[in-house]
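Observations on the three-dimensional arrangement
Residue-level listing of the chains:
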Amino acid sequence: SGINAEYGAGSAVGALANPLRGDLVATLGETTGTTALVNMRDKMKMNSTGLEILKDRPRITEETMDMEYLSNLPTNTFGHHYYQFMNSNGLSAQRAQTKFVEDEELAYVMTRYRENHDFLHTLTGLGVTVPEEICLKWYEMVQTELPMCALSASSDQYPCPSLRRGSFYRNKYLGVWRVVALAHSS
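Residues numbered from 1 in each chain as written. Predicted model: local features only at pLDDT ≥ 70, side-chain atom pairs only at ≥ 80, totals over all residues. Heavy atoms only, no water.

Regarding the overall build of the protein
To keep it simple, the criterion reads: Helix and strand assignments follow DSSP, with helices taken as H or I runs no shorter than four residues and strands as E runs no shorter than two, numbered in order from the N terminus. Note on exposure labels: buried denotes an accessible area under 20% of the residue type's maximum, exposed denotes more than 50%, and partly exposed covers the range between, all computed with a 1.4 Å probe on protein chains only. Residues are treated as being in contact if the distance between any of their heavy atoms lies within 4.5 Å.
Looking only at helices and strands, the protein has ten helices and zero strands in total. In the protein, the succession of α and β elements from N to C terminus is α-α-α-α-α-α-α-α-α-α. Relative to its full complement of 186 residues, the protein shows a buried share of 42%. Taking the contacts inside the protein whose residues are at least 6 apart along the sequence as the reference set, 61% of them involve residues at least 24 apart.

Take a look at the structure:
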């Protein structure tokens, strides 16, 4: 709709000016992502796990994530690493409510995407700095095809990775590029 286009354009300008504005990034994702959300939902419907998720609509929230339990898991488990990531960065599993996606099922797909974001941080080892978030957007762009991810990933303000930078970039971000390349090749 016209209103969504206006919100999309405004949030794109604002998010590029200040990538830490999660509300603008969320609005941009919702107002520009309908085709990608349809594609994600359709892919979910193509296998039994995806169908079960769409049917049951499990959530990742402060109420459903037992952080104390995760903190006590063995240190070599995903749950413990997720706890460490969330705790060390002072993050909450709570995500913004989807506001601009009218279709209930697609709104859930957007919510699910948001709620899985910190799992991706845990899997990739990327932190929460702007360059690291942008690198994660590269991965998400390949996986989700959300225009918001492409816009974030293509930001000239924080190129990722740049081999002209220090060893931090060479070592940490090359792993993300390998993951993106593998995901894109399948």
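Still to come is the rest of the account.
Side note on the environment of glutamine 97
Along the polypeptide, glutamine 97 turns up in the loop between helix H6 (78-88) and helix H7 (104-124). Once residues lying within four places of it in the same chain are set aside, the contact partners of glutamine 97 are Glu30 and Arg114.

Quick word on the nonpolar core
Buried together is how nonpolar side chains tend to be arranged in soluble globular proteins. For clarity, the threshold we go by: We define the nonpolar core as a collection of buried residues of types Ala, Val, Leu, Ile, Met, Phe, Trp, Tyr and Cys that are connected through side-chain atoms lying within 4.5 Å of one another.
Of all hydrophobic cores here, the largest spans 18 residues; its most connected members are Leu37, Val109, Tyr113, Leu146 and Met148. Counting residues per element, the ones that place at least two in this core are helix H2 (22-32), helix H3 (34-44), helix H4 (48-56), H7 and helix H9 (147-153). If one sorts the elements of this core by residue count, H7 sits on top with six residues. Leave out the neighbours within four places in its chain, and leucine 37 touches Val101, Leu106, Val109, Met110 and Leu146. Counting eight residues, the second largest nonpolar core, distinct from the first, contains Met65, Phe85, Met86 and Phe119.

A look at the environment of arginine 112
Mapped onto the secondary structure, arginine 112 falls in helix H7. For the pair arginine 112 and isoleucine 53, spaced 59 residues apart in sequence, the C-alpha to C-alpha distance is 9.4 Å. The contacts of arginine 112, once residues within four sequence positions are left out, are Ile53, Pro58 and Ile60.

Section: H6
Among the residues of H6, Gly79, His80, Tyr82, Phe85 and Met86 are the ones counted as buried. Phi turns positive one or two residues past the end of H6, at glycine 90, with a value near 60°.

A few points about unusual backbone geometry
Even without being a glycine, arginine 57 presents a positive backbone phi close to 50°. Mapped onto the elements of the fold, arginine 57 is located in the loop between H4 and helix H5 (67-71). One non-glycine residue, glutamate 145, lies in the positive phi region at around 65°.

A few points about the packing of aromatic side chains
Cut-off, in case you're wondering: Centres within 6.5 Å are what make two rings of Phe, Tyr or Trp a pair, Trp counting through its six-membered ring; a difference in plane orientation under 30 degrees is then read as stacked, over 60 as edge-to-face, and the rest as tilted.
The final tally for this structure, using the stated rule, is three aromatic pairs. For the ring pair phenylalanine 78 and tyrosine 82, a centre distance of 6.5 Å and an interplane angle of 20° mean the geometry is stacked. You can see phenylalanine 78 and its partner tyrosine 82 sitting in helix H6, four residues apart, about one turn around the helix. Ring plane angle 70° and centroid distance 5.5 Å describe the contact between phenylalanine 78 and phenylalanine 119, whose orientation is recorded as edge-to-face. A residue pair is termed long-range when its members are at least 10 positions apart, and phenylalanine 78 in helix H6 and phenylalanine 119 in helix H7 qualify at 41 residues. For phenylalanine 78, a relative accessible area of 35% translates into the label partly exposed. Overall, phenylalanine 119 belongs to the buried group, its relative accessible area being 18%.

On their own, these measurements won't tell you what the molecule is for.
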